[in-house]
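# Remarks on the overall topology
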Amino acid sequence: DWFHSTLEAYGKKVILATRLPELNPSEEPVVSLLRAFAPGRSKEETAVLEIQVQYDYLAQKIKNSIHNREDIKKIFVYNESGERIYPFETDELSEAEEDMIQISKAPEKSDQSIITTGSGNTKTLLGHRRSEFTDWTVFVTAKEREIFSAYYQFRILIVAVSVLVFGIMLFVTYQIAT
């Protein structure tokens, strides 16, 4: 129960995963920041202060950060227990879901890294960074082919132009020789 675990944290912050609030009749999910405190002159912490952030606010901040590139980039946020914070409700599971859960639960708390999962044309790049304040891990995933599509198109263009220039040079050389 989050109330007792917050009291046991002795004034340290506790951040709950995205959930529907028990005490608020609204149907909108929230993310809660909790701290235990001692009211009055009591030395024992017996009260909990909860600050709720609407999930829609958090979701909008994330959407703004990817600059309308949802077709290429997918963002996932996990807490230190491996619970998904964002996206809250989704049927879409990432191919790297198990990797993300393991990284977010890892005790060594690696700050950031980039991993490639999958094989062939289905390679997925997975970058992550852990927040020191919330202890959440933010993952950005994207298909390697989609990220490097401009590079692949440029590479094909360079090869085509090279073949064309080589063909023109052969033609001009042949014309000069005859």
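Heads up: the structure comes first, above all this text.
Please read all numbers here as calculations on a predicted model, not as lab measurements.

We now examine the pairing of strand β4 (residues 74-78). Burial within β4 is extensive, with four of its five residues counted as buried. Bridging between β4 and strand β8 (residues 137-143) involves five bridges; their strand directions are antiparallel. Bridge pairing in β8 links K74 to T141. Pairing geometry for β4 and strand β5 (residues 84-86), over two bridges, is antiparallel. Across the sheet, the residue bridging to Y78 is R84, located in β5. If you look at the hairpin formed by β4 and β5, you'll find five residues sitting between the two strands, and G82 has a positive phi there, around 85 degrees.

Mapped onto the elements, T137 comes out in strand β8. One polar contact links T137 to R130, side chain to side chain, over a distance of 3.3 Å. Non-local contacts of T137, meaning those with residues more than four positions away in its chain, are made with F76, V77, Y78, S104, H128, R129 and R130.

Attention now moves to the sheet that holds strand β2 (residues 30-37). Across the sheet, three strands lie side by side as β1-β2-β3; this open sheet has antiparallel pairing. Unpaired on one side and paired on the other, β1 (14-19) and β3 (47-54) mark the two borders of the sheet. Along the sheet, successive strands turn relative to each other by an average axial angle of 25 degrees, direction set aside. Where β2 lies against β3, eight bridges are found, and the strand directions are antiparallel.

Applying the stated criterion across every chain yields a total of four aromatic pairs. Consider the rings of Y151 and Y152, whose centres lie 5.6 Å apart with planes at 55 degrees: the pair is tilted. Looking at Y152, the relative accessible area reads 19%, which means it is buried. Here the aromatic residues F148, Y151 and Y152 are joined through ring pairs into a cluster of three or more. Residue placement shows K13 over the ring face of F133; its charged tip is 4.8 Å from the ring centre.

What counts as what
Residues numbered from 1 in each chain as written. Predicted model: local features only at pLDDT ≥ 70, side-chain atom pairs only at ≥ 80, totals over all residues. Heavy atoms only, no water. Buried < 20%, exposed > 50% of the residue type's maximum accessible area, 1.4 Å probe, protein only. Helix = DSSP H or I, 4+ residues; strand = E, 2+ residues; numbered from the N terminus. Pairing = 2+ DSSP bridges. Polar contact = N/O pair within 3.5 Å; in protein donor to acceptor, adjacent residues only side chain to side chain. Contact = heavy atoms within 4.5 Å. Axes fitted to C-alpha atoms, helices over the stretch in contact; angles between N-to-C directions. Phe/Tyr/Trp six-rings, centres within 6.5 Å; stacked < 30°, edge-to-face > 60°. Lys NZ or Arg CZ within 6 Å of the ring centre and 35° of its normal.

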